[in-house]
Amino acid sequence: MVVLVLCYNSGKMNITQIFLIAALILFALALLAILFKAKRYKTHMEGLAKAVGGTAEVLSSLRTRIYLLHAVHNNLKYRCSFTPAKNNPPEFAISLYGSFPAGLSIVKRKKSDSEEAKAGGAEEIRTGDADFDRLFIVRVRQGHSSRNCLELQSRRTLISKLLSREDVGLFSEGASMRVIFKGLELEEVDSNVLRECLEQMTALAI
């Protein structure tokens, strides 16, 4: 910036050129910040993969990067993905592959949610547990009977622990179960947190 001031005072540059150079400098600084953050995410995911005996990779596109981890827990394959977003909260997801209830989704209830919400061919059901139904919206896709898996109090307690964060959802599709944490930064996930989530998800297998 001192150079810009000197050039301006000496009459060698007009105000437009000064703003252009300043914009280029700011762009370069922003690019460096993005690259530094990407390196930090990559390093953290690689460390996490090493801790659980898995492998890490990065999928890149023009719009975003997705940081992946592939590993095995209790003989079940799983994948973790972290997706940072510029204008939205980041998203961390765990997909566990095995035998799970099909067509089931459970998310935290918000004040704006209607009592009998329907979405994507799924309708809200009630478990009969007043506290659980007050906290969560349980939806079952039409043609599937996943209600029985929530009859046990132990399962509802397990789900409540797994979905204890504010913005988190569970989606079970038969051959896999996915838990999505919105707003969770990658640095908040360590091997102990990951293993705890996987233990809870494994216990929900059928």
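Details of the structure are given in the entry above.
Residues numbered from 1 in each chain as written. Predicted model: local features only at pLDDT ≥ 70, side-chain atom pairs only at ≥ 80, totals over all residues. Heavy atoms only, no water.

Asker: So what's going on with the pattern of salt bridges? Residues and values would help.
Answerer: One pass over the full model with this rule turns up eight salt bridges. Close ionic contact of Glu46 with Lys42 constitutes a salt bridge, the shortest N to O distance being 2.6 Å. Here Lys42 and Glu46 lie together in helix α2 (residues 15-51), a separation of four residues that amounts to about one turn. Residue classification places Glu46 among the partly exposed positions, given a relative accessible area of 38%. Exposure remark for Lys42: the relative accessible area of 35% places this residue in the partly exposed category. For Glu188, the salt bridge is made with Arg165, and the minimal N-O distance between the two is 3.6 Å. Residue Glu188 is located in the loop between β10 (176-182) and α5 (191-202), and its partner Arg165 is located in the loop between α4 (153-162) and β9 (168-172); the two are separated by 23 residues in the primary sequence. Relative accessible area serves as the criterion here: at 39%, Arg165 is assigned to the partly exposed category. Overlapping salt bridges, with partners in common, bring together Arg109, Glu124 and Arg126 in one network. (Salt bridge = Lys/Arg side-chain N within 4 Å of Asp/Glu carboxyl O. Helix = DSSP H or I, 4+ residues; strand = E, 2+ residues; numbered from the N terminus. Buried < 20%, exposed > 50% of the residue type's maximum accessible area, 1.4 Å probe, protein only.)

Asker: Let's hear about the packing of aromatic side chains: which residues, and what values?
Answerer: Throughout the structure, instances matching the rule amount to four aromatic pairs. Relative to Phe136, the ring of Phe132 has its centre 4.9 Å away and its plane inclined at 40°; by these criteria the two rings are tilted. By relative accessible area, Phe132 is classed as buried at 3%. Phe136 sits in the buried class, given a relative accessible area of 2%. The structure contains a cluster of three or more aromatic residues connected by ring pairs, namely Tyr41, Tyr67 and Phe82. Between the NZ or CZ atom of Arg40 and the centre of the ring of Tyr41, over which it lies, the distance is 5.6 Å. (Phe/Tyr/Trp six-rings, centres within 6.5 Å; stacked < 30°, edge-to-face > 60°. Lys NZ or Arg CZ within 6 Å of the ring centre and 35° of its normal.)

Asker: Summarise the nonpolar core; cite the residues concerned and give the values.
Answerer: In terms of nonpolar packing, the biggest core is built from 43 residues, with Leu69, Tyr78, Phe92, Ile94, Ile106, Leu163 and Leu194 touching the most fellow members. Sort the elements by how many residues they give to this core and α2 lands first, with five residues. Apart from the residues within four sequence positions on either side, Tyr78 is in contact with Val52, Leu69, His70, Ala71, Val72, His73, Ser95, Leu96, Tyr97, Leu194 and Leu198. (Core = buried A, V, L, I, M, F, W, Y, C linked by side-chain atoms within 4.5 Å. Contact = heavy atoms within 4.5 Å.)

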